[in-house]
Amino acid sequence: MDALSYITSAGVAYALGSIPTGFLVARSRGIDIRSVGSGNIGATNVFRALGKPAGVFVLLMDALKGWVAVVLGVRAVLAILGTSPGPQGLENHELVAALGAVLGHNYTCWLGFKGGKGIATSAGVLLALVPLSLLIILTVWILVFAATRYVSLGSIAASAALPLAAWGTGESPTILAVTTLMAALAIYRHRANIQRLLHGTESRFGAKPGEAVK
């Protein structure tokens, strides 16, 4: 039963995370977001392509699906299966769901296992698991973004700070391991941005798509 509950929690979380919000919002306007701007289905590209209301909506929905997967999805699975895992078991199920939701967003089955970079969905997951750590890395993101106007650099810096924030706030070794894995995955998903940053071709927020502001 334990194995079944973990597998089911991961599957439900993946299904929720895999909902391609940005793609669906753009498609409702007759646009394939994958062929516009950076080609990413995340909120930043939607913001640039469709404007602030659409971008904010996608950001919130992508975060919400991460939170729902961890908080509501896990509890629904445990209730349906009639499982009472205890506090540590519940945390472990939530961590499995956290990874499932982020992987669902990053590698959605609805778009050929190609998706976003998982930042907003990770934020929703972290809000459910480690809200204080989320507050710390959100501060890092704001400071880096304000100084550089690079969304990607802010996200990379915040991701790198996540394990330190989790460690500094006294989270369990299991949570520390999962947040480290999430951070590594987020940075990996930004590898193209890292190359553009190194070559000075990354677009700053507010610039036209493809335009790197010196």
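The rules behind each value
Residues numbered from 1 in each chain as written. Predicted model: local features only at pLDDT ≥ 70, side-chain atom pairs only at ≥ 80, totals over all residues. Heavy atoms only, no water. pLDDT = per-residue confidence, 0-100. Contact = heavy atoms within 4.5 Å. Axes fitted to C-alpha atoms, helices over the stretch in contact; angles between N-to-C directions. Helix = DSSP H or I, 4+ residues; strand = E, 2+ residues; numbered from the N terminus. Parallel < 35°, antiparallel > 145°, perpendicular 65-115°, else oblique. Left-handed = near helix turned anticlockwise from the far one by under 90°. Nonpolar A, V, L, I, M, F, W, Y, C, P; charged D, E, K, R; others polar. Buried < 20%, exposed > 50% of the residue type's maximum accessible area, 1.4 Å probe, protein only.

**Quick look at the confidence of the model for the protein chain**
The predicted model of the protein chain averages 94 in pLDDT, with 96% of residues at 70 or higher. Across residues 209-214 the pLDDT falls below 50, and counting only partners more than four positions away or on other chains, this stretch makes 15 contacts in the model.

**Describing the packing of helix α4 (residues 52-81) against helix α5 (residues 86-106)**
Contact geometry for α4 and α5: axes closest at 9 Å, N-to-C directions at 140°. Relative to α5, the element α4 lies oblique. Considering how the two elements wind past one another, α4 and α5 form a crossing that is right-handed. Where α4 approaches α5, its residues Asp-62, Lys-65, Gly-66, Ala-69, Val-70, Val-74, Arg-75 and Leu-78 are matched on the opposing element by Leu-90, His-93, Glu-94, Ala-97, Ala-98, Ala-101 and His-105.

**A few points about the packing of helix α6 (residues 119-129) against helix α9 (residues 173-189)**
One can describe the packing of α6 onto α9 by two numbers: an axis separation of 11 Å at closest approach and a directional angle of 165°. It follows that α6 is roughly antiparallel to α9 by the angle criterion. Crossing handedness for the pair α6 and α9: left-handed. Contacts between α6 and α9 involve Ile-119, Ser-122, Val-125 and Leu-126 from the former and Thr-179, Met-182 and Ala-186 from the latter. The residue makeup of the contact of α6 with α9, split by class, is 5 nonpolar, 2 polar and no charged.

**Considerations on the side chain of Ser-159**
With respect to the helices, strands and loops of the structure, Ser-159 is situated in helix α8 (residues 151-168). Since its relative accessible area comes to 8%, Ser-159 is described here as buried. Those residues in contact with Ser-159 that lie beyond four places of it in its chain are Ile-119, Ala-183, Ala-186 and Ile-187.

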